[in-house]
Amino acid sequence: MVFGWIDEQAEQRRRAGLVRTLRPRAADTPLLDLASNDYLGLARHPEVTEGAARAARTWGGGSTGSRLVTGTTELHAELERELAGFCGFEAALVFSSGYAANLAAVTALAPHGCAIVSDAGNHASLIDGCRLARGTTRVAAHRDPEAVRKALDGHDGPAVIVSDTVFSVDGDAAPLRELAEVCREYGAGLVLDDAHGLGVLGDGGRGAPHAAGIAGAEDVVVTVTLSKSLGSQGGAVLGPARVIGHLVNAARTFIFDTGLAPAAAGAALAALRLLRREPGRAARAGRVARELHERLTAAGLEAVRPDAAVVSVRAPSPEQAVRWAADCRAAGLSVGCFRPPSVPDGISRLRLTARADLSGAEIERAVRVIGETRP
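Rules of the game
Residue numbers here run from 1 along each chain, matching the order of that chain's written sequence. At least 70 in pLDDT is required for a residue's local features to be given in this predicted model, at least 80 for side-chain atom pairs to be given and counted, and no such filter applies to totals for whole chains, interfaces and linings, which use all residues. To get the side-chain values, take all heavy atoms of the structure and skip hydrogens and water. Where helices and strands are cited, they refer to DSSP runs of H or I of at least four residues and of E of at least two residues respectively, numbered from the N terminus. Within these notes, the globule rule equals 2.2 Å times the number of residues to the 0.38 power, and the radius of gyration is based on C-alpha atoms. Burial here depends on accessible area, computed with a 1.4 Å probe over protein chains only, as a share of the maximum for the residue type. Under 20% is buried, over 50% is exposed, and the range in between is partly exposed. Under this rule, positive means Lys or Arg and negative means Asp or Glu; His and the chain ends count for nothing. By convention, the point assigned to a charge is CZ for Arg, NZ for Lys, CD for Glu and CG for Asp. Where each domain starts and ends comes from a domain assignment, either automatic or drawn from a database. Only heavy atoms matter for contacts: two residues are in contact if any of them lie within 4.5 Å across the pair. A 1.4 Å probe defines the accessible area here, and the buried area is the portion of it lost by two parts on being joined, summed over both. In the sections that follow, a salt bridge refers to a side-chain nitrogen of Lys or Arg positioned within 4 Å of a carboxyl oxygen of Asp or Glu. Residues are sorted three ways: Asp, Glu, Lys and Arg are charged, Ala, Val, Leu, Ile, Met, Phe, Trp, Tyr, Cys and Pro are nonpolar, and all the rest, Gly among them, are polar. Helices are assigned an expected span. That span is 1.5 Å times one less than the residue count.

A.B. asks: How should the overall build of the protein chain be read in this particular structure?
C.D. replies: Within the protein chain, the secondary structure is distributed over 14 helices and 12 strands. Its C-alpha atoms give the protein chain a radius of gyration of 21 Å, within 12% of the compact-globule value 21 Å for 375 residues. Judged by the C-alpha coordinates and their principal axes, the protein chain covers about 55 × 55 × 50 Å. Expressed as a percentage of the 375 residues in the protein chain, the buried residues total 54%. Once the 42 positive and 43 negative side-chain charges of the protein chain are each reduced to a mean point, those two points are 4 Å apart.

As structure tokens, this is what we get:
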């Protein structure tokens, strides 16, 4: 049978409790949302949606081509200038997704002969970038600068260290200052994915590299997503102007991909300006995360202390994690459910998003539902 192996794999997933299905959501739902990555609650903010609509009315529904042909509008250039300035970098380059931005940064900055040292807990997009790069990848123990140093010992040639700033599964933060020290010791570049730091960490949400005091350094390149704290879609790479110029000429996910839709660029720009005007949203997201963690652990649940806005609650097994998330949903609460192979440690968990716009009553309700439905 053609593609017969697909049926075999489907059965294996079914037996392991790892079947994934799409669940279309309605525009208006009564569910309390702790599953999305809308950290600042901006995806439906009137200024953000109007920014999207205005951009679509002005530039059309699509960007019409790749960035190097017709896909770069004045709006894209404006977003890049303001994003770089806000985060403390010399230049920025906008991509159609955060995934594409990570592929671009890693593949274009790790040529043949380059040593790539990747954290064991990195996001799939960084892992895929390492697989596609022409350099040689070594995986270092999670959040361990000494393991990174050992991986670089004896290497003579270009090198890059690749890491999330905040890891998407447990919400724990990378030791950025220590990683930067290792980079300077070995003359390596540092490529950081700040998808879960932008809008939450740093002064007014300027990101984890800004908080660590390494934003704008000549050896630091940062990727961000526009789809989390900024409530839109797309991604960007931030760094020295000469690095950004190199990506324009060498990054395949930039050269050969259609540019980000104007509506997404307009929404992201509106959200960025709103965040600059209301910096307290970033601090509020962190406070909500800490309160969720404190209440969950007080209720006897095993929750990982958050370094940003992700709160992870351990589940006994993949099957029980799925059932737990479904029971939460039936009780009016939407939560994320992470299982293998999405989790590098093989431990299933519920993943909660601490949104800045959650009220005290909503936090209390979420903790109550999670506790009452625990396996």
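A.B. asks: Explain the domain arrangement of the protein chain to me, please; I cannot follow it from the model alone.
C.D. replies: When the parts come together, some accessible area is lost, and that loss is often what is quoted as the size of the interface. In terms of domains, the protein chain is made up of domain 1 (21–44 + 279–373) and domain 2 (46–277). Just the C-alpha atoms count here: the centres of domain 1 and domain 2 sit 25 Å apart. Domain 1 puts 25 residues into the contact, and the matching count from domain 2 is 27 residues. Here domain 1 meets domain 2 over a buried area of about 2100 Å², counting both sides, of which 62% is carbon and sulfur. Counting across the domain 1 and domain 2 interface gives 2 salt bridges. Two residues, arginine 314 and aspartate 170, come together in a salt bridge whose shortest N-O distance is 3.3 Å. Of all the secondary-structure elements, those providing two or more residues to the side of domain 1 that touches domain 2 are α12 (280–298), β10 (310–314) and β12 (349–353). When residues of the side of domain 1 that touches domain 2 are assigned to their parent elements, the largest contribution, 3 residues, is made by β10. For the side of domain 1 that touches domain 2, a count of residues per class yields 14 nonpolar, 3 polar and 8 charged.

A.B. asks: Honestly, the environment of leucine 296 in this entry has me stumped. Any pointers?
C.D. replies: Inspection of the secondary structure assignment puts leucine 296 in helix α12. Distance in space between the C-alpha atoms of leucine 296 and valine 313 is 8.3 Å, their sequence separation being 17 residues.

A.B. asks: Would you mind showing me how to read helix α1 (residues 4–16) here?
C.D. replies: Think of an α-helix as turning once every 3.6 residues; residues three or four places apart then point the same way. With 13 residues, α1 extends 19 Å from end C-alpha to end C-alpha; this agrees with the ideal 18 Å at 1.5 Å per step. Looking one or two residues past α1, glycine 17 carries a phi angle of roughly 70°, positive in sign.

A.B. asks: Whenever I open this one, unusual backbone geometry confuses me. Can you help?
C.D. replies: Trans is the prevailing form of peptide bonds, just as negative phi is the prevailing case for residues other than glycine. Positive phi, normally seen in glycine, also occurs at phenylalanine 3, with a value near 60°. Mapped onto the secondary structure, phenylalanine 3 falls in the segment before α1. Although it is not a glycine, threonine 64 sits at a positive phi angle of roughly 75°. Topologically, threonine 64 is positioned in the loop between α2 (46–59) and α3 (74–87). On the basis of relative accessible area, threonine 64 is assigned to the exposed category, the value being 66%.

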